[in-house]
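Residue-level listing of the chains:
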Amino acid sequence: MTPTATGLALILVTLLAYLQFWRLSLNASVSYSAPAKPTGIKPAADRTTNGSASGQMGSDPDELFTFVQVSDLHISRYLPRGGLPHFQSFLENELPMIGPDLVVVTGDLVDSKSKTKLTSEQYLDEWLAYQALMNASGLADRNNGSFYFDQRGNHDCFNLGDGFAGSEYAKFSATRTPGYVYLHRKPFGNYTFVALDACPNVGTSRPFNFFGLLDNQDMDILASVLDRASSSPQNHTFVATHYPTATVISGYSKDGRSLRDLAKGVSVWMCGHLHRLALGIGQTMYAYHKKWDLLELEISDMKDNAIYRIFAVDHDMISFTDEAVSLASIPSLSEHDIIVDPGNPHPTPPPRAPQRPVVLVTNPRDARFATPSHEPVFRIRESSHIRILAWSAAPVADSDVVVTLDGRRSASALRRWIGKPWTTEAGEVASGAHENFLPLWVVPWDPAQFDDGRDHVLEVTVTDSAKLSTTKRVVFRVDGQRAKSEGMGSGLGGAVILARFSPFFKTTFIVVHFFLVVLLLSLKLYTLHLRATGTSVGRRGFGSPAGRPRQLSPQPGRVPPYSNILQRSISSFAELLQWILLKGFVTAVDLVDTPSYFYVLYGYLLYVIVGPWFIGSLVPSATHLADKIGAFYTVGLWFWSDEGWVPMLDTWFYSLWCLSSFFVPLTIFLALRGASTKSFQRSARWPRDSNFNMYVRRGLAIVAEKTFLTLWLAITLWFGFMTPAYGSLTMLVGPGVTWFWIWGACQ
């Protein structure tokens, strides 16, 4: 084949590959229209009448309720610490003390990971232990079943061979539906809680289950709830997902509204999943999406950090506080073997630490988390009292609630309680007791003194009879606007919540891939042009005769002026850069001019966007082979069953990782080694360079490059191979991973 024909063939094959890639992307995107999911619609208990919060925020404990969020329990048969003992201690101590109106659990109820953490399975004993804790606490029976709401996380849908209907979650959870819509009615208004199940349509084994999917049906559910809220009296809409919005692929509602459009109607987006990031670098993960007008609050985990969150809705002003379970050590040692005794409702409780008061200021609300478009912030200016909720295991006197405003102590607090802490005794649970415990303290104040358009600081210290105290600091503004002097203090955690990983990973992969294709193809076309014209690439470079930067040094006995030194330094750097670029260009041309290198590398680049990287047992517990075996493509997973395409962000991330950490380093290594070999061969032709030292240096270079190649391939093998998770089939049918790795190892 002539050079011209070869070049045209390469261009045609490249265009066809990208056309097929575009077609596969469209096919995978159509799968956002997933099969219908059963969604639990939980009506509120008929114990109240509808109304709307409209009164003044004064001294009466009215128009106020609380609810609690926990997430990422990770009850596990293998974890030596955390998980089960944390959740047990919370249910037996903190939850009765707080006495909320309802509890929302945002996923990862169980851990589902093997002892080696390389594979995953839905272990029956983990689910039985979770159910035993719920039954012992009477959670499912409180408020006639409208108190405790759980939902799936990615760990709860690992390796679901029988789909949702046959899953342990559908049998042993409290809600037993993938998502729910619950209308919480109060005498002063209606509050809607929407849990969206963002688990992928197929429950694959880990690790490809980290990112979530809000498909078109999820968008329709949210759209219908928000539309209903706009046409009938609704005070707030709270959305709960396991995955933060940053880690999901989202579809569109029937009328074309995106997640960004719908999020504007949500008061607070509650989520979990990310814990505190790696090494705890995300201690707090809060974010306000300005373009979405959305406050998103990721909660840390119950598993390792024993964190729970209390929300208070006071005259439709939303406040919250994150607290840790009072334990002697966190994470606590798990002494109960759920493999031996999963159904024991009273495993050995972990040692407790003294319970300090839990404090939450509801008025004035913390301006760092204000959402003026969703809250009646004008009520701060019209209020007559500071309002504080303070829960304590020991009694607290009015004089032990101390409030300071901008460093000045205010008047004494007055106690205005409603209800009492509840217990988990069987008699109280059976009676259907549901009273929300509201330990309210109020302090008179004049908001006009602080209505100057500036941030102010309120501090409250609560000390109980055991001399245990807690101090809370609130940045507030009387005009209700967001704080200007301080942010949420989330740092890197907040940046992660604000990120949009779906477009980032997809765009980055496409850009990197296209750049590599254009680079290799351009160089190959250049070499074909040289071959067609009968010319070759010069190897001696520009500038100096040897192709190297000239040695710039002053003449002996003469010191050049400073300006000359600077000019010569700039000139020397420019020549050095020119030489490096030339050497890089020549090295790259040598690589693409080597058929055994170029066609394999270029063919691999085109293959990974049109063919499966590997085929494996993606759902090992599935009964039917078509449900078990799947193909891994860049755009998603594909099964031979009726499921077809399963779009996942995990596949884009993995493909990008392989390109950047595997393909690019190997290409550079092969190019440099080829250039080094040719340089050695040319040097060996001259007797003056054929000495022992030259061969020693060459030998050391070979040892160094082989050591580097071995270590790098070992690391790539460990992180890139899916054999432990998806079976030996991934090695046999793995052209995008195994086959290319073997070729690279043989070079």
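Residue positions are counted from 1 within each chain, in the order its sequence is given. For this predicted model, a pLDDT threshold of at least 70 governs which residues receive local features, and a threshold of 80 or more governs which side-chain atom pairs are given and counted, while totals over whole chains, interfaces and linings are taken from all residues. Only hydrogens and water are set aside; all other atoms, that is, all heavy atoms of the structure, feed into the side-chain values.

With respect to the overall build of the chain
Then, number 1: In terms of helices and strands, the chain carries 18 helices and 26 strands.
Then, number 2: Burial classes follow relative accessibility: with a 1.4 Å probe on protein chains only, a residue under 20% of its type's maximum area counts as buried, one over 50% as exposed, and anything between as partly exposed. When the 747 residues of the chain are sorted by exposure, 54% land in the buried category.
Then, number 3: For the chain, restricting intrachain contacts to residue pairs at least 6 apart in sequence, the fraction spanning at least 24 positions comes to 78%.
Then, number 4: Surface exposure here means Shrake-Rupley accessible area, sampled with a 1.4 Å probe, where a residue is shielded only by the protein chains that are shown. Of the roughly 31800 Å² of accessible surface on the chain, a fraction of 60% belongs to carbon and sulfur atoms. Strands are runs of DSSP state E lasting at least 2 residues, helices are runs of H or I lasting at least 4, and numbering of each runs from the N terminus. Contact between two residues is taken to exist if any of their heavy atoms lie within 4.5 Å; hydrogens are not considered.

Some remarks on the sheet that holds strand β15 (residues 358-363)
Then, number 1: Strands are treated as partners if at least two bridges between them are detected by DSSP. Here 4 strands make up an open sheet; going across it, the order is β15-β16-β20-β19 and the pairing antiparallel. Each edge of the open sheet carries a strand with a single partner, namely β15 and β19 (414-418). For this sheet, the mean angle separating the axes of adjacent strands, direction not counted, is 30°.
Then, number 2: In terms of strand pairing, strand β16 (residues 385-391) meets strand β20 (residues 438-444) through 5 bridges, oriented antiparallel. Angles run from 0 to 180 degrees between N-to-C directions of axes, and those axes are lines fitted to C-alpha atoms, restricted for helices to the stretch in contact.

Here we look at the sheet that holds strand β24 (residues 629-633)
Then, number 1: Judged by pairing direction, the sheet is antiparallel, and its 4 strands sit side by side in the order β23-β24-β25-β26 without closing on themselves. The open sheet has two edge strands, β23 (614-617) and β26 (645-646), and neither has a second partner.

A short note on the nonpolar core
Then, number 1: By size, the foremost hydrophobic cluster in this structure holds 65 residues, and its most contacted members are Trp613, Phe614 and Phe663.
Then, number 2: Among the elements that make up this core, the one with the highest residue count is helix α14 (residues 649-683) (12 residues).
Then, number 3: Excluding residues that lie within four positions of it along the chain, Phe614 makes contacts with Phe208, Gly630, Ala631, Phe632, Met722, Tyr726, Thr730, Val733, Gly734 and Val737.
Then, number 4: One finds Leu73, Leu95, Ile98 and Val325 within the second-largest nonpolar core, a separate group that totals 45 residues. Nine residue types can take part in a nonpolar core, namely buried Ala, Val, Leu, Ile, Met, Phe, Trp, Tyr and Cys, and a core is a set of them joined through side-chain atoms within 4.5 Å.

Considering the pattern of salt bridges
Then, number 1: What makes a salt bridge here is a side-chain nitrogen of Lys or Arg within 4 Å of a carboxyl oxygen of Asp or Glu, nothing more. Counting across every chain of the model gives 17 salt bridges.
Then, number 2: Residue Glu486 pairs with Arg368 through a salt bridge whose shortest N-O separation is 3.7 Å. Of this pair, Glu486 sits in the loop between β22 (469-476) and α9 (492-498) while Arg368 sits in the loop between β15 and α7 (378-382); the two residues are 118 residues apart in sequence, bridging distant segments of the chain.
Then, number 3: We classify Glu486 as partly exposed; its relative accessible area is 27%.
Then, number 4: The structure contains a network of salt bridges with shared partners spanning Asp366, Arg368, Arg473 and Glu486.

Here's the deal with a nonpolar patch on the surface
Then, number 1: Without a salt bridge and with relative accessible area above 30%, a residue can belong to a patch; like charges are then joined within 9 Å and nonpolar side chains (Val, Leu, Ile, Met, Phe, Trp, Tyr) within 5 Å. On the surface, a nonpolar cluster with roughly 540 Å² of combined accessible area is contributed by Leu12, Leu16, Leu19, Trp22 and Leu26.
Then, number 2: Mapping Trp22 onto the fold places it in helix α1 (residues 3-30).
Then, number 3: For Trp22, a relative accessible area of 53% puts it in the exposed group.

Examining the pairing of strand β3 (residues 102-105)
Then, number 1: Neither face of β3 is exposed, since Leu102 and Val104 on one face and Val103 and Val105 on the opposite face are all buried.
Then, number 2: Where strand β2 (residues 64-70) meets β3, 4 bridges bridge the pair, whose relative direction is parallel. Its bridge partner lying in β3, Val70 is registered against Val105.
Then, number 3: By convention a crossover is right-handed if, when the strands point away from the viewer, the path from the first strand over the helix to the second runs clockwise. As a crossover connection, the stretch from β2 through helix α2 (residues 84-98) into β3 is right-handed.
Then, number 4: Pairing between β3 and strand β4 (residues 148-150): 3 bridges, direction parallel. Bridge assignment links Val104 to a residue of β4, and that residue is Phe149.

Here's the deal with unusual backbone geometry
Then, number 1: The omega angle of the peptide bond from Arg206 to Pro207 is 15°, so this bond is cis rather than trans.
Then, number 2: Among the secondary structure elements, Pro207 is positioned in the loop between β6 (189-195) and β7 (212-214).
Then, number 3: Note the cis peptide between Asn363 and Pro364, where omega equals 0°.
Then, number 4: Locating Pro364 in the fold gives a position in the loop between β15 and α7.

Quick word on the pairing of strand β12 (residues 294-298)
Then, number 1: Most of β12 is tucked away, with 5 of its 5 residues classed as buried.
Then, number 2: Two strands pair when backbone bridges link them, and strand β10 (residues 268-271) and β12 are joined in this way by 4 bridges, in the parallel orientation. Bridge pairing links Trp269 to Glu296 in β12.
Then, number 3: Remark: 4 residues form the turn of the hairpin made by strand β11 (residues 285-289) and β12, two consecutive strands paired antiparallel; Asp293 in that turn has positive phi of roughly 55°.

Examining the packing of α2 against helix α3 (residues 124-137)
Then, number 1: Where α2 contacts α3, the axes come no closer than 10 Å and their chain directions differ by 10°. With respect to each other, α2 and α3 are oriented roughly parallel. Between α2, through Leu84, Phe87, Gln88 and Leu91, and α3, the contact on the second element is made entirely by Ala129, Tyr130, Leu133 and Ser137.
Then, number 2: For the contact of α2 with α3, a count of residues per class yields 6 nonpolar, 2 polar and no charged. Angle categories: roughly parallel below 35 degrees, roughly antiparallel above 145, roughly perpendicular from 65 to 115, and oblique for all the rest. Throughout this entry, Asp, Glu, Lys and Arg are counted as charged residues, while Ala, Val, Leu, Ile, Met, Phe, Trp, Tyr, Cys and Pro are counted as nonpolar. The remaining residues, Gly among them, count as polar.

Looking at the environment of Ser490
Then, number 1: When you line up the elements, Ser490 lands in the loop between β22 and α9.
Then, number 2: When the C-alpha positions of Ser490 and Met285 are compared, they lie 5.4 Å apart, and in sequence the two are 205 residues distant.
Then, number 3: If we ignore the near neighbours within four places in the chain, the residues touching Ser490 are Thr284, Met285 and Tyr286.

So, the side chain of Ser253
Then, number 1: Here Ser253 lies in the loop between β9 (248-250) and α6 (259-263).
Then, number 2: Owing to a relative accessible area of 6%, Ser253 belongs among the buried residues under this scheme.
Then, number 3: Throughout this description, a polar contact denotes any pair of N or O atoms lying within 3.5 Å of each other; where both atoms belong to protein, one of them has to be capable of donating a hydrogen while the other can accept it, and for residues adjacent in sequence the pair is counted only when both atoms sit in side chains. Polar side-chain contacts of Ser253 include one of 2.4 Å to the side chain of Asp255.

Some points on α2
Then, number 1: By this rule, a helix spans an expected 1.5 Å times one less than how many residues it contains. With 15 residues, α2 should cover 21 Å at 1.5 Å per step; its first-to-last C-alpha distance of 20 Å lies within 8% of that length.
Then, number 2: One fitted axis covers the seven residues ending at a residue, a second covers the seven starting there, and the bend at that residue is the angle between these axes. Within α2, the axis deviates most sharply at Leu91, by approximately 40°.
Then, number 3: With 13 of 15 residues buried, α2 is to be regarded as a mostly interior element.
Then, number 4: A positive backbone phi angle near 55° is found at Gly99, which sits one or two residues after α2.

Side note on the side chain of Asn154
Then, number 1: Tracing the sequence through the fold places Asn154 in the loop between β4 and α4 (168-172).
Then, number 2: By relative accessible area, Asn154 is classed as buried at 4%.
Then, number 3: Look past the residues within four positions of Asn154 in its chain and what remains in contact with it is Asp108, Cys199, Asn209, Phe210, His242, Tyr243 and His273.

Some details on the packing of aromatic side chains
Two measures describe an aromatic ring pair: the distance that separates the ring centres and the angle between the ring planes.
Then, number 1: In this scheme Phe, Tyr and Trp rings, the latter by its six-membered ring, pair at centre separations within 6.5 Å, and the angle between planes marks the pair as stacked below 30 degrees, edge-to-face above 60, and tilted otherwise. Throughout the structure, instances matching the rule amount to 52 aromatic pairs.
Then, number 2: On the numbers, 5.1 Å between centres and 75° between planes, the contact of Phe598 with Tyr599 is edge-to-face.
Then, number 3: The class of Tyr599 is partly exposed, set by a relative accessible area of 39%.
Then, number 4: In this scheme, Lys NZ or Arg CZ marks a charge over a ring once it lies within 6 Å of the ring centre and within 35 degrees of the ring normal. Above the face of the Phe147 ring, Arg142 is positioned so that its terminal group lies 5.5 Å from the ring centre.

Re the packing of helix α10 (residues 501-533) against helix α12 (residues 595-607)
Then, number 1: Between α10 and α12, the least distance of the axes is 10 Å, while the angle of their chain directions is 150°. When the axis of α10 is compared with that of α12, the two are roughly antiparallel. Crossing of α10 against α12: the hand is left-handed. Within the contact between the two elements, α10 uses His513, Leu516, Val517, Leu520, Leu521 and Lys524 and α12 uses Phe598, Tyr599, Tyr602, Leu605 and Leu606.
Then, number 2: The residue makeup of the contact of α10 with α12, split by class, is 9 nonpolar, 1 polar and 1 charged. In this scheme, a crossing is called left-handed if the near helix is turned counterclockwise away from the far one by less than a right angle; it is called right-handed if the turn is clockwise.

Notes on the confidence of the model for the chain
Then, number 1: With 81% of its residues at a pLDDT of 70 or more, the chain has an overall mean of 84.
Then, number 2: The quantity known as pLDDT measures the predictor's confidence residue by residue, on a range of 0 to 100. Between residues 41-51, whose pLDDT stays under 50, and residues either more than four places distant or in other chains, the model counts 34 contacts.
Then, number 3: In this model residues 424-432 is a low-confidence stretch, pLDDT under 50, and it forms 13 contacts with partners more than four residues away in sequence or in other chains.

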